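# Tertiary structure, described
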Amino acid sequence: MLQRVHIQILDNPMEGILFDEDASEVAGTNKILTAELSKEMNYFYPSVVFVEYIDLFMDGEEEFDDIRELLRLGAVSTPVVLINGVLKIHGGIPPSVIKKEVEKLLFSGPVH
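Residues numbered from 1 in each chain as written. Predicted model: local features only at pLDDT ≥ 70, side-chain atom pairs only at ≥ 80, totals over all residues. Heavy atoms only, no water.

## Some words on the pattern of salt bridges
What counts, and what does not: Whenever Lys or Arg places a side-chain nitrogen within 4 Å of a carboxyl oxygen from Asp or Glu, that contact is recorded as a salt bridge. A run of H or I in DSSP becomes a helix once it reaches four residues, and a run of E becomes a strand once it reaches two; helices and strands are each numbered from the N terminus. With a 1.4 Å probe rolled over the protein chains alone, any residue whose accessible area is under 20% of its type maximum counts as buried; one over 50% counts as exposed, and the rest are partly exposed.
Per the stated rule, a full pass over the model turns up four salt bridges. The partner of Glu69 in a salt bridge is Arg72, and the shortest N-O contact between them spans 2.6 Å. Of the two residues, Glu69 and Arg72 both sit in helix H2 (residues 65–73), three residues apart, roughly one turn of that helix. Residue Arg72 is classed as exposed on the basis of its relative accessible area of 58%. The salt bridge partner of Lys88 is Glu101, with a shortest N-O separation of 3.6 Å. Residue Lys88 is located in strand E6 (residues 86–90), and its partner Glu101 is located in helix H3 (residues 95–107); the two are separated by 13 residues in the primary sequence. A single network of salt bridges, built from pairs that share partners, joins Lys88, Glu101 and Lys104.

Following this line, the structure appears as structure tokens:
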């Protein structure tokens, strides 16, 4: 049986905005990229992979104090990608890299 995979994209929405140099307007945000990643994961792994966008600086997100501390120290940059609670990637949302990490988990067998 395949295990479930939970991908969390931790972000500061005031950072990481992509700009279209020609139009000088916002072309997309990490929240939009997360939604696109969610659609892709749902297409390839329906009901197995769950993708969640989390604003690190909203009230009630105390569970990520360790990540906020790493950000403050400059050890990581947003967006931070956690897969099943483990920090795997920071500074971007690369779908191909995330998909490879998901495949490693799904096809490595059950976790004991």
